[in-house]
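# Breakdown of the fold
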Amino acid sequence: MSEVEKVFISGLHEKLIEDKVIDESQLDPDFRKEIIKFGGKDVMTCLQCGNCTGVCPISLKIEYKTRTTIKYCQFGMKNATLSTRWVCATCYRCYEHCPADLNPAEVMIALRHIGIREGIIPPFVKRAASNLMGHGLTVRPDESILKEREKIGLPELPQSKPDWESVKEEVVTIIKTTKYDRLLGIRGDEDVSE
Ligand code: SF4
Ligand code: SF4
């Protein structure tokens, strides 16, 4: 922790305690170009108005809000942004309310692309992808789920139908053709836990 003195335009001086100091060596000047390469728009067009955070349905649940994430991207704070973006629901509300037409949702998706290539993959993502390969569903349907469904009168899961294996094969073909399995480092039969 360090103490810094902040001087406001009004002339007011205030002592602030900085618990995290980031110096230039931790910044990546090419980060904004990398975001563009993976489908995001130029984060430098962001006005920092905060609309995106205001309308984001998960903003109260996440450490870095949408506007803050975009600001960090502007600064090139790559490491601070990559691990937190998986909770974005890609609902695109931020896009609808962004006066700069930046589309923060696409920036979040680009951060995921970059994160995966840096090996930053949350276990829940790996588990969902592995289940998709192994079972054709992102949630592994175990005995307890099947019993509970029966108890409350829900229909059988599609995986218990005769043509489900061919559906699963198609899913696996798409995953292998796009090299999604290699990107995530999954085979479809692993037990991925948190
Ligand atoms: S709404 Fe758009 S311009 Fe405003 S802070 Fe969010 S990304 Fe930036
Ligand atoms: S797309 Fe993501 S960041 Fe944008 S409002 Fe929806 S949940 Fe929030």
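The following paragraphs examine the structure supplied in this document. (Residues numbered from 1 in each chain as written. Chains lettered and ligands numbered in written order. Predicted model: local features only at pLDDT ≥ 70, side-chain atom pairs only at ≥ 80, totals over all residues. Heavy atoms only, no water.)

### A short note on empty space enclosed by the protein
Cut-off, in case you're wondering: Both cavities and pockets are sets of points on a 1 Å grid over the protein atoms alone; in a cavity a 1.4 Å probe fits but cannot get out, in a pocket the set is open with protein on both sides within 12 Å along at least five of seven lines, and lining residues sit with an atom within 4 Å of a point. Grid points are joined across faces, edges and corners, and a volume is the space filled by probe spheres set on the points. Helix and strand definitions here come from DSSP, where helices need a minimum of 4 consecutive H or I residues and strands a minimum of 2 consecutive E residues; each element is numbered from the N-terminal end. In the scheme used here, Gly and all other residues not listed as nonpolar or charged are polar, with Ala, Val, Leu, Ile, Met, Phe, Trp, Tyr, Cys and Pro taken as nonpolar and Asp, Glu, Lys and Arg as charged.
Counted under the stated rule, the structure contains two cavities of 30 Å³ or more. Approximately 130 Å³ is the volume attributed to the largest cavity. As for the largest cavity, its lining consists of 16 residues, of which Cys56, Thr66, Cys88, Ala89 and Cys94 are closest to the centre. At the level of secondary structure, the elements contributing two or more residues to the lining of the largest cavity comprise helix 5 (93–96) and helix 6 (104–117). Taken together, the residues of the lining of the largest cavity sort by class into twelve nonpolar, two polar and two charged. Taken as a whole, the second largest cavity spans an internal volume of roughly 90 Å³. Residue lining of the second largest cavity: 15 residues in total, with Cys46, Cys49, Cys52, Cys98 and Pro99 positioned closest to the centre. Residues belonging to the lining of the second largest cavity are distributed by class as follows: eleven nonpolar, four polar and no charged.

### What to know about the site of ligand 1
Just so we agree on the cut-off: A single heavy atom is enough: if one lies within 4 Å of a molecule or strand, its residue is considered near that molecule or strand. Here the criterion for a molecule occupying a pocket or cavity is that more than half of its atoms lie within 2 Å of the pocket grid points.
Taken together, 13 residues lie around ligand 1, and Cys46, Cys49, Gly50, Cys52 and Cys98 are the ones closest in. Judged by the fraction of its atoms near the pocket grid, ligand 1 is located in the second largest cavity. Here the residues of the shell around ligand 1 are counted per class, giving nine nonpolar, three polar and one charged.

### Regarding the pattern of salt bridges
Counted only if it meets this: The salt bridge definition used is simple: a Lys or Arg side-chain nitrogen within 4 Å of an Asp or Glu carboxyl oxygen. To sort residues, take the accessible area from a 1.4 Å probe on protein chains only and compare it with the maximum for the residue type: under 20% means buried, over 50% means exposed, and anything in between is partly exposed.
Tallied over the entire structure, the rule returns nine salt bridges. In this structure, Lys78 engages Glu34 in a salt bridge whose closest nitrogen and oxygen atoms are separated by 2.9 Å. Here Lys78, found in helix 4 (residues 78–82), pairs with Glu34, found in helix 1 (residues 31–37); they are 44 residues apart in sequence, far enough to count as distant. Take Lys78 and Glu34: they sit in the same class, and that class is buried. As a salt-bridge pair, Lys176 and Asp181 come within 3.5 Å of each other at their nearest N and O atoms. Residue classification places Lys176 among the partly exposed residues on the basis of a relative accessible area of 48%. Linked through salt bridges whose partners overlap, the residues forming this network are Asp28, Glu34, Lys78 and Glu118.

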